[in-house]
Amino acid sequence: MGIASARDDDGHVPLEHVMSSLFRKLATLSGLTLAGLAGYLCLWPVPAEPVSWSAPTAPGYVGVFAPNTRLANLHMIDTGAEFGPEHMAIGPDGKLYAAMSSGNLLRMDPDGGGQEIFANTGGRVLGFAFDAEGRMIVADAMKGLLVITPEAQVSVLADHVNTGDPIRYADAVIVAPDGIVYFTDASARFAPRDWGGSYEASLLDIMEQSATGRVLAYDPATATTRIVAHGLSFANGIALSADGHTLFVNETGRYRLWKIDGRAMDLDVKSGSPQARVLLDNLPGYPDNLMRGRDGRIWVGLFRPRNPAADSLSDSPFLRKVLLRLPRFLLPVGDPYGHVFAIDEDGHVTADLQDPTGAYPETTGATETADRLYIHSLHAPGIGWVATPAGEGASAQANAREEIFVLRSIREPHGAGDSWCAPARTGFEPFPTDAERFFSFWSLAVRPEDGRVIETQDERVADLHACFGPTADRARQNFYAEIQLGEISIIGTGECLALRTDFPEAGLYPVRCQLVLTDISAPFIGGLLTTNTMTSQASFGGETTPAGYMQASIATIRLWRK
């Protein structure tokens, strides 16, 4: 029945009919709007094609990253209208240089005085370093690898690897003592010049997780660029080891830091090659810049803390694609949180500075001098700094004469050779059978408040190839071992002593072993390995028979420098 036929005796349309008609129209309109919104969220084209991956459970701020306020209340250097000191370094002239959001490279005295614009590349500089000639070598996200002379003349060193293979996202750069320039191409998919800037391009790359980031090397002698390694989810900060050819590289999209051999050729980091290994994994935030500091420190900046919602979508590429259709302020990128920390070359955290309020936004890194630690930021309205941390352990670690490792060892099944345990190698006659044995060594995790071991098989960090032989004392055995602890090669000789039998219960007996370590990789000159072993009826693996004890041992390795 139409409205015309619904009039009352006075010719008026009853209110209930008017409201009913209005509600029907609103419902239709709402339905169409919701359908359109659903269609937009599900079907509207976006540039990224997210892939599934498995994000580790975030550890939170615990252990060496327990919350503190050492980065709060920064001193500030006013930079006027300039903001976003994404990268900073001290130049050969003793001046502080800072790459700002405007594209300007500021130059100033270390205290912030005498500010001037040194150069502008016309792009966005995200990293720079100085070569032996005092030239600034620049990673420009828009332009590629550039060089700026002391007279501020800008030219391009490399914007392609080869024909048809452009450098889309130059991000961080270092210059090795031999002149080779190592730099990161954060994404082979998203170029900042094409996608509204470095932040939007990085967001697309990390949301997609196609892991196209790579490490490149430019040789100034031949003006050629090669791929060192690829397969990184947003290859970000880069630093160089003391040996001049080992690289530290942040993989921002997967919360970890790699150690990569700079001599590698087009290495896939996921291949399992010993030329690339994860040094720090499952960090509490997104790692950004890497900078060499004083006394062996390497400074790491965490751009933002991780967001559980983002991690939960790692295996849901469709939902990540839906998120990319939303306004950017709705994305789960983590709350502001200031955080920089320092490590040594073995990945031990030696200093940690945090500001849970996030007052200084997006802490991307740190530049250390004798008296100041300048804090990098993507968007800060000035340059923040604190006094160079003292007593954090970095200097003590760098100058220590001893390094100590506490590990768990597990005997592994392995085919034995016929002559490996010959007396010419070991210095003793081996057992007729079961003389040659293989052990894996695993890092431990302990509870900070009391030192109790809470994880005994965290990460495999070493392997031991051993020989055993009899002595005149039946309770003692000769013990020879060759150990590979990361990049450290070690030879040890010593003995094992059975302490008791059927203790703490039948079928078990404790054994103490000791090796004097010699013929060891530099910079070490010797060391000592001791083990506290529970031998059982189970020859291999991580459990005893009878059950309930760790098989085989808890080991300590002490290494000494000159």
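Predicted model only: the values in this text are computed from it and were never measured.

Novice: I'm lost on the overall build of the protein chain in this one. Help?
Specialist: In terms of regular secondary structure, the protein chain is built from six helices and 37 strands. Counting the 562 residues in the protein chain, one finds 50% classified as buried. Here the contacts in the protein chain between residues at least 6 apart in sequence split such that 56% fall between residues at least 24 apart. In the form shown here, the protein chain has an accessible surface area of approximately 25,800 Å², with 55% of it arising from carbon and sulfur atoms.

Novice: What exactly am I supposed to notice about the packing of aromatic side chains here?
Specialist: Each aromatic ring pair is characterised by the separation of its centres together with the angle its planes make. One pass over the full model with this rule turns up twelve aromatic pairs. Judged by centre distance (5.3 Å) and plane angle (70 degrees), the rings of Tyr255 and Tyr286 are edge-to-face. Placement of Tyr255 in the loop between β17 (246-251) and β18 (256-261) and of Tyr286 in strand β21 (residues 285-292) is noted, with a sequence separation of 31 residues between them. Residue classification places Tyr255 among the buried positions, given a relative accessible area of 3%. A cation sits over an aromatic face here: Arg372 above Trp385, 3.7 Å from the ring centre. Sitting over the face of the ring of Phe503, Arg500 holds its NZ or CZ atom 4.2 Å from the ring centroid.

Novice: In this structure, what is going on with the state of the cysteines? I would like to understand it.
Specialist: By definition, a disulfide links two cysteine residues through a covalent bond between their sulfur atoms. Applying the stated criterion to the full structure yields two disulfides. In this model Cys496 forms its disulfide with Cys513; the gap between the sulfur atoms is 2.1 Å. The sign of the S-S torsion, about 110 degrees, decides the handedness of the disulfide formed by Cys496 and Cys513: right-handed. A residue pair is termed long-range when its members are at least 10 positions apart, and Cys496 in strand β34 (residues 488-498) and Cys513 in strand β35 (residues 509-518) qualify at 17 residues. For the residue pair Cys496 and Cys513, the accessibility class agrees, reading buried in each case.

Novice: I'm lost on the nonpolar core in this one. Help?
Specialist: In globular proteins that are soluble, nonpolar side chains generally tend to be buried together. The biggest cluster of nonpolar side chains holds 37 residues, and the ones touching the most others in it are Tyr169, Phe248, Leu257, Leu290, Phe341 and Ile343. Sorting the residues of this core by element identifies α2 (198-208), β20 (276-280), β21, β22 (298-305) and β23 (338-343) as the ones contributing at least two each. Top contributing element to this core by residue count: α2, with five residues. Ignoring sequence-local partners within four residues, the contact set of Phe341 consists of Phe65, Leu280, Leu283, Ile298, Trp299, Val300, Leu302, Val349, Ala351 and Asp352. The next biggest cluster of nonpolar side chains, apart from the first, holds 25 residues, and it includes Ala481, Val511, Ala555 and Leu559.

Novice: I keep staring at α2 and nothing clicks. Help me out?
Specialist: Along an α-helix, a turn takes 3.6 residues, which lines up residues three or four apart on a common side. Buried residues dominate α2, accounting for ten of its eleven residues. Every buried residue of α2 is accounted for by Ser198, Glu200, Ala201, Ser202, Leu203, Leu204, Asp205, Ile206, Met207 and Glu208. Looking at the buried residues of α2, the elements they touch are β6 (125-130), β21 and α4 (317-323). Once α2 finishes, Gln209 follows within two positions and takes phi at roughly 65 degrees, a positive value.

Novice: Explain the environment of Thr225 here, please?
Specialist: The residue Thr225 is located in strand β15 (residues 224-232) in this model. Sequence separation of Thr225 and Val161 is 64 residues, and the distance between their C-alpha atoms is 5.3 Å. With residues near it in sequence (within four places) discarded, Thr225 still touches Ala158, His160, Val161, Phe183, Leu216, Ala217 and Tyr218.

Novice: Explain a negative patch on the surface to me, please; I cannot follow it from the model alone.
Specialist: Where like charges cluster on the molecular surface, the negative patch consists of Asp281, Glu455, Asp458 and Glu459. Relative to the helices and strands, Asp281 is located in the loop between β20 and β21.

Novice: Would you take a moment to explain the side chain of Arg304 for this structure?
Specialist: In this structure, Arg304 sits in strand β22. Residue Arg304 is classed as buried on the basis of its relative accessible area, which comes to 15%. There is a polar contact of 2.9 Å between the side chain of Arg304 and the side chain of Glu362. What Arg304 contacts, discounting residues up to four positions off in sequence, is Gly285, Tyr286, Val333, Gly334, Asp335, Pro336 and Glu362.

Novice: Explanation requested: the sheet that holds β15 in the structure shown.
Specialist: Two orientations exist for strands paired in a sheet by backbone hydrogen bonds: parallel and antiparallel. Within the open sheet, the five strands sit side by side as β12-β13-β14-β15-β19. Their pairing is mixed. Looking at the sheet topology across the chains shown, the edges are occupied by β12 (170-175) and β19 (267-268). As paired strands, strand β13 (residues 181-185) and strand β14 (residues 213-219) are joined by five bridges and run antiparallel to one another. Along β14, the bridge assignment pairs Asp185 with Arg214.

Novice: Looking at this structure, how should I read unusual backbone geometry?
Specialist: With an omega of 5 degrees, the peptide bond between Phe503 and Pro504 qualifies as cis. By secondary structure assignment, the location of Pro504 is in the loop between β34 and β35. One non-glycine residue, Tyr255, lies in the positive phi region at around 60 degrees.

Novice: Please explain the pairing of strand β25 (residues 363-368) as it appears in this structure.
Specialist: Note on strand geometry: in a regular strand, side chains alternate between the two faces of the sheet. For β25, the buried fraction is high: six of the six residues fall into the buried class. Here five bridges tie β25 to strand β26 (residues 372-377), and the two strands are oriented antiparallel to one another. Residue pairing across strands places Gly365 opposite His376, the latter belonging to β26. Two successive antiparallel strands, β25 and β26, enclose a turn made up of three residues.

Novice: What should I look at first to understand the pattern of salt bridges in this one?
Specialist: Between side chains of opposite charge, a pair can form when the charged atoms approach closely. A complete count under the given rule lists 23 salt bridges for this structure. Between Glu49 and Lys321 there is a salt bridge; the shortest N-O distance is 3.0 Å. Placement of the pair is Glu49 in the loop between α1 (15-43) and β1 (75-77) and Lys321 in helix α4, with a sequence separation of 272 residues. Judged by relative accessible area, which is 46%, Glu49 ranks as partly exposed.

Novice: Please explain the confidence of the model for the protein chain as it appears in this structure.
Specialist: Close inspection of predicted coordinates is inappropriate for parts of the model with low pLDDT. Counting all residues, the mean pLDDT for the protein chain is 88, and 89% of those residues have values of 70 or more. In this model, residues 1-6 is a region of pLDDT below 50 whose contacts with residues beyond four sequence positions or in other chains number seven contacts. The model gives residues 391-398 a pLDDT under 50, and that stretch makes 17 contacts with residues more than four places away or in other chains.

Novice: Help me understand the side chain of Ser553, please; the structure alone is not making it clear to me.
Specialist: Within the secondary structure layout, Ser553 lies in strand β37 (residues 553-561). Within the structure, Ser553 has its side chain in polar contact with the side chain of Ser409 (distance 2.4 Å). If we ignore the near neighbours within four places in the chain, the residues touching Ser553 are Leu407, Arg408, Ser409, Thr531, Asn532 and Thr533.

Novice: Whenever I open this one, the environment of Gln115 confuses me. Can you help?
Specialist: You can see Gln115 is positioned in the loop between β4 (104-108) and β5 (116-120). Using a relative accessible area of 31% as the deciding quantity, one classes Gln115 as partly exposed. Remark: the alpha-carbon pair of Gln115 and Thr79, spanning 36 residues in sequence, is separated by 7.9 Å. Setting aside chain neighbours within four positions, we find Gln115 in contact with Ile77, Asp78, Thr79, Leu106, Arg107 and Met108. A distance of 2.8 Å separates a polar side-chain atom of Gln115 from the backbone oxygen of Asp78.

Parameters at a glance
Sequence order as written defines residue numbering, which begins from 1 separately in each chain. Per-residue local features of the predicted model are confined to residues with pLDDT of at least 70, and side-chain atom pairs are confined, for both listing and counting, to 80 or more; whole-chain, interface and lining totals are unaffected and use all residues. Neither water nor hydrogens contribute to the side-chain values; these are computed over all heavy atoms in the structure. Helix and strand labels come from DSSP, where a helix needs a run of H or I of at least four residues and a strand needs a run of E of at least two; each type is numbered from the N terminus. Three exposure classes are used, based on accessible area relative to the maximum for each residue type with a 1.4 Å probe and protein chains only: buried under 20%, partly exposed in between, and exposed over 50%. Only heavy atoms enter the contact rule, under which two residues are in contact if any of them lie within 4.5 Å. Accessible areas in this description were obtained via Shrake-Rupley with a 1.4 Å probe; residue shielding takes into account the shown protein chains only. Note on ring pairs: Phe, Tyr and Trp rings are taken, using the six-membered ring of Trp, and paired if centres are within 6.5 Å. Classes follow the plane angle, with under 30 degrees stacked, over 60 edge-to-face and the rest tilted. Two conditions define a charge sitting above a ring: the NZ of Lys or the CZ of Arg must be within 6 Å of the ring centre, and it must be within 35 degrees of the ring normal. Count a disulfide wherever a pair of cysteine sulfur atoms falls within 2.5 Å. By nonpolar core we mean a set of buried residues, namely Ala, Val, Leu, Ile, Met, Phe, Trp, Tyr and Cys, connected to one another through side-chain atoms within 4.5 Å. Like charges are joined within 9 Å and nonpolar side chains (Val, Leu, Ile, Met, Phe, Trp, Tyr) within 5 Å, but only among residues with over 30% relative accessible area and no salt bridge; these make up the patches. By definition here, a salt bridge exists when the distance from a side-chain nitrogen of Lys or Arg to a carboxyl oxygen of Asp or Glu is within 4 Å. In this tally, Asp and Glu contribute negative charge and Lys and Arg positive charge; neither His nor the terminal groups of the chain are included. All charge positions are set by atom: Lys at NZ, Arg at CZ, Asp at CG, Glu at CD. Pairs of N or O atoms within 3.5 Å make up the polar contacts considered here, provided that, within protein, one atom can donate a hydrogen while the other can accept it, and that residues adjacent in sequence are counted only when both atoms are side-chain atoms. A strand pair is defined by DSSP finding two or more bridges across the two strands. Confidence of the predictor at the level of single residues is given by pLDDT, which spans 0 to 100.

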